[in-house]
Amino acid sequence: MNDETTGTQDTPAGSPGEGTATATGPRPEPLRFFGNTWVNHDDGYTARRVSTAAGSLAAAVAACLVLRFAYQGIQIANVGSFVTLLVIVMFAICSALAFGHTWETFKKRPDPDRQASLRGLLAIGFVGSLLAYFFRSLVEAPGEKLHRQEYETALTQYEKRTSRRTRNPSKKRRGA
C-alpha cells in the first residue's frame, strides 16, 4: 500500500510487493517528505532536507511553548511542588526516551509490537522525536542510510537471481 501524500510504503525496499519489482529490478522505497529523491540526491533533495530540518525544529520550538503554557497552568492551579516536579520529570524522561527510540528507527526497522507498546511514551515525548528528526535531517534524509542499505541489498540479490549462466551446467567437467 502506497501513500502518495507522505511517500511512505508498507513494504521494505525491494520486497516482493505490489509494484516493487520491475523488469529493471527492485524500486527504492520512498521516504516521508523526500519520495525517491534520496537515491540520487536530485529533484530538490537539498531543499527538502533544509525545509525538513527547519520544519521539525520549528515544531519542536512550538511544542516547547505549549509545554511552557501547560507548566504555567500547573503553577496557577497551585497543585504543589511535588506534582509540578513529577510533570517536568515525566516530560523530560519521555522526551529523552522518544529521542533515543526515534534515532534508532533511522538505523534499523522497529519491531511493530514494540512500536505499538511505546505509542503512549512517544506521544508524551514528542519533543524528543522532533529533535531527533531535526538532527538527522542535518546529516541525511531521516532513514536514508537504512533504506539505502536495504535497496542495495535488494539490487544485489536481484542481480544474482537474474544473472545468466555462461555455460551449460550438465556439461560440467568432473574430476579435473
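Residues numbered from 1 in each chain as written. Predicted model: local features only at pLDDT ≥ 70, side-chain atom pairs only at ≥ 80, totals over all residues. Heavy atoms only, no water.

### Digging into the overall build of the chain
- A tally of regular secondary structure across the chain gives seven helices and four strands.
- For the chain, the sequential pattern of α-helices and β-strands runs β-β-β-β-α-α-α-α-α-α-α.
- Taking all 176 residues of the chain together, 29% fall into the buried category.
- For the chain, long-range pairs separated by at least 24 residues make up 66% of all intrachain contacts whose partners lie at least 6 apart in sequence.
- Accessible surface computed for the chain: about 12,000 Å², of which carbon and sulfur atoms make up 59%. (Helix = DSSP H or I, 4+ residues; strand = E, 2+ residues; numbered from the N terminus. Buried < 20%, exposed > 50% of the residue type's maximum accessible area, 1.4 Å probe, protein only. Contact = heavy atoms within 4.5 Å. Areas by Shrake-Rupley, 256 points an atom, 1.4 Å probe, with all protein chains shown as cover.)

### Things to note about the environment of V61
- Relative to the helices and strands, V61 is located in helix α2 (residues 45-77).
- Take V61: its relative accessible area is 47%, and that puts it in the partly exposed class.

### As for the environment of C64
- Relative to the helices and strands, C64 resides in helix α2.
- As a C-alpha pair, C64 and F126 span 62 residues in sequence and 10.0 Å in three-dimensional space.

### Considerations on the packing of α2 against helix α3 (residues 81-105)
- Two numbers describe how α2 lies on α3: the axes approach to 10 Å, and their chain directions differ by 165°. In terms of orientation, α2 lies roughly antiparallel with respect to α3. For the crossing formed where α2 meets α3, the hand is right-handed. Side by side, α2 and α3 meet where L67, Y71 and I74 of the first sit next to T84, V87, I88 and F91 of the second.
- Residues that form the contact of α2 with α3 fall into these classes: six nonpolar, one polar and no charged. (Axes fitted to C-alpha atoms, helices over the stretch in contact; angles between N-to-C directions. Parallel < 35°, antiparallel > 145°, perpendicular 65-115°, else oblique. Left-handed = near helix turned anticlockwise from the far one by under 90°. Nonpolar A, V, L, I, M, F, W, Y, C, P; charged D, E, K, R; others polar.)

### What to know about unusual backbone geometry
- Positive phi, close to 55°, is recorded for D43, a residue that is not glycine.
- Take D43: it is sitting in the loop between α1 (37-40) and α2.
- Judged by relative accessible area, which is 60%, D43 ranks as exposed.
- At N78, a residue that is not glycine, the phi angle is positive and equals roughly 55°.
- Along the chain, N78 falls in the loop between α2 and α3.
- Judged by its relative accessible area of 65%, N78 falls in the exposed class.

### Overview of the pattern of salt bridges
- This model, assessed by the stated rule, comprises five salt bridges.
- Its salt-bridge partner being E29, residue R109 comes within 2.5 Å of it at the nearest N-O pair. Of the two residues, R109 sits in the loop between α3 and α4 (112-117) while E29 sits in the loop between β4 (25-26) and α1, which places them 80 residues apart along the sequence.
- E29 gets classed as buried once you look at its relative accessible area, which sits at 4%.
- As a salt-bridge pair, E144 and R148 come within 2.9 Å of each other at their nearest N and O atoms. Here E144 pairs with R148, and both are found in helix α7 (residues 144-162), just four residues apart, close to one helical turn.
- Among the charged side chains, a salt-bridge network with shared partners connects E29, R109 and E150. (Salt bridge = Lys/Arg side-chain N within 4 Å of Asp/Glu carboxyl O.)

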